[in-house]
Amino acid sequence: MAKILSKSTSILLIIFAIFFLSTYVSAETPTFSRNLSPSSLGLKREKLTHLHFYFHDIVSGPKPTAVQVAHAAMTNTSSTGFGFVVVLDDLLTILPENTSKVVGRAQGIYASASQSEIGLLMVLNYVFIEGKYNGSSLSVLGRNTILSKVREMPIVGGSGVFRFARGYAQARTYTFDTKTGDAVVEYNVYVLHY
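Residues numbered from 1 in each chain as written. Predicted model: local features only at pLDDT ≥ 70, side-chain atom pairs only at ≥ 80, totals over all residues. Heavy atoms only, no water.

Would you take a moment to explain the overall build of the protein for this structure?
The helix and strand tally for the protein stands at one helix and nine strands. For the protein, the sequential pattern of α-helices and β-strands runs α-β-β-β-β-β-β-β-β-β. Taking all 194 residues of the protein together, the buried fraction comes to 33%. Contacts in the protein between residues far apart in sequence, at least 24 positions, make up 48% of those at least 6 positions apart. (Helix = DSSP H or I, 4+ residues; strand = E, 2+ residues; numbered from the N terminus. Buried < 20%, exposed > 50% of the residue type's maximum accessible area, 1.4 Å probe, protein only. Contact = heavy atoms within 4.5 Å.)

The following block contains the structure:
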C-alpha cells in the first residue's frame, strides 16, 4: 500500500509540477524596459537648431522677475554670496531691449554655489511662446561663472518640439547695472533634437 501511495503521490507531484511550470512559462511577465525604434514614437531624422535671444534678469523695482527666496547665515559675509537662492521668471526677447518681441521666458532657480568665485548653479527651463516652438521648452542644468566673458551650460532635455533634446547654451553678459543688479544676457543655444 505504501508503494502504491508513494507511486500515486509521485505521479501527482509530477503532474502538478508540469501544470505549474507550463502556466508560469506561458504567462507574460511584465518588463521594466524594452528597446524601441525611434520611428515607433514618430521621431524622424535628428536636426541641429540654433536659437538666439536675450535674457532679462530684473532684480530691482516694483516688479522684479528674479527674487531671492533663501540664503545661508554666511551669505552676507561671503565674498561670492555663497548660499543665496533666487527664483526667476525672466523674459526672453529677440533683441536686447525689453520692449522687443518676447519669444519666451526663463523659469527656474539659480543659486550661488561657489565659495571661491561668483559661480551660479542654473536649474531652469526656457519656455518658448513663438512660432513652431510655442509650447516647447529646453532644460538647462549647469554652472554659470557670471564674471567670465562666455559661459557654457548644458541643455539636458526638452519638451514638445525639443523632446529628446541635448546641446549647450552659451551666455554673454550684454549689460549689467551695478546699482540695481539688473542684467541682460545674450544667449546662443545649440540643440540637437528630432
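I'm lost on the packing of aromatic side chains in this one. Help?
Two descriptors summarise a pair of aromatic rings, namely the distance from one centre to the other and the angle between the planes of the rings. The full count for this structure, using the stated rule, is 12 aromatic pairs. Between the aromatic rings of Tyr54 and Tyr174, the centroid separation amounts to 5.5 Å while the plane-to-plane angle is 75°, which identifies the pairing as edge-to-face. Taken as a pair, Tyr54 in strand S1 (residues 47-57) and Tyr174 in strand S8 (residues 166-176) lie far apart in primary sequence, 120 residues in all. Given the relative accessible area of 8%, Tyr54 is considered buried. Seen from their ring centres, Tyr126 and Phe128 are 6.5 Å apart, and the 50° between their planes marks the pair as tilted. When its relative accessible area of 5% is taken as the criterion, Phe128 is described as buried. Grouping aromatic residues by their ring pairs yields a cluster made of Phe53, Phe55, Tyr126, Phe128, Tyr133, Phe162 and Tyr187. (Phe/Tyr/Trp six-rings, centres within 6.5 Å; stacked < 30°, edge-to-face > 60°.)

It is not clear to me how the pairing of strand S5 (residues 120-128) should be interpreted in this structure. Could you clarify?
Of the two faces of S5, the one holding Leu120, Met122, Leu124, Tyr126 and Phe128 is buried and the one holding Leu121, Val123, Asn125 and Val127 is not buried anywhere. Pairing between strand S4 (residues 102-112) and S5: nine bridges, direction antiparallel. Looking at S5, one finds that Gly104 is bridged to Phe128. (Pairing = 2+ DSSP bridges.)

Just checking my understanding: could you explain the environment of Met122 for this structure?
Assignment of secondary structure puts Met122 in strand S5. It is 8.3 Å that separates the C-alpha atoms of Met122 and Met153, two residues lying 31 residues apart in sequence. Not counting chain neighbours up to four residues away, the residues in contact with Met122 comprise Ile109, Tyr110, Val140, Leu141, Gly142, Asn144, Met153 and Tyr187.

So what exactly am I meant to see when it comes to unusual backbone geometry here?
Excluding glycine, residues mostly have negative phi values, and the peptide bonds linking residues are mostly trans. Here Phe164, not a glycine, exhibits a phi torsion of approximately 65°, which is positive. For Phe164, the location among the structural elements is in the loop between strand S7 (151-159) and S8. Assessed through its relative accessible area of 46%, Phe164 is described here as partly exposed.

Can you help me understand the environment of Tyr190 in this one?
For Tyr190, the position within the fold is in strand S9 (residues 183-193). Separated by 24 residues in the primary sequence, Tyr190 and Arg166 have C-alpha atoms spaced 8.5 Å apart. Those residues in contact with Tyr190 that sit more than four places away from it in its chain are Leu48, Thr49, His50, Arg166, Gly167, Tyr168 and Gln170.

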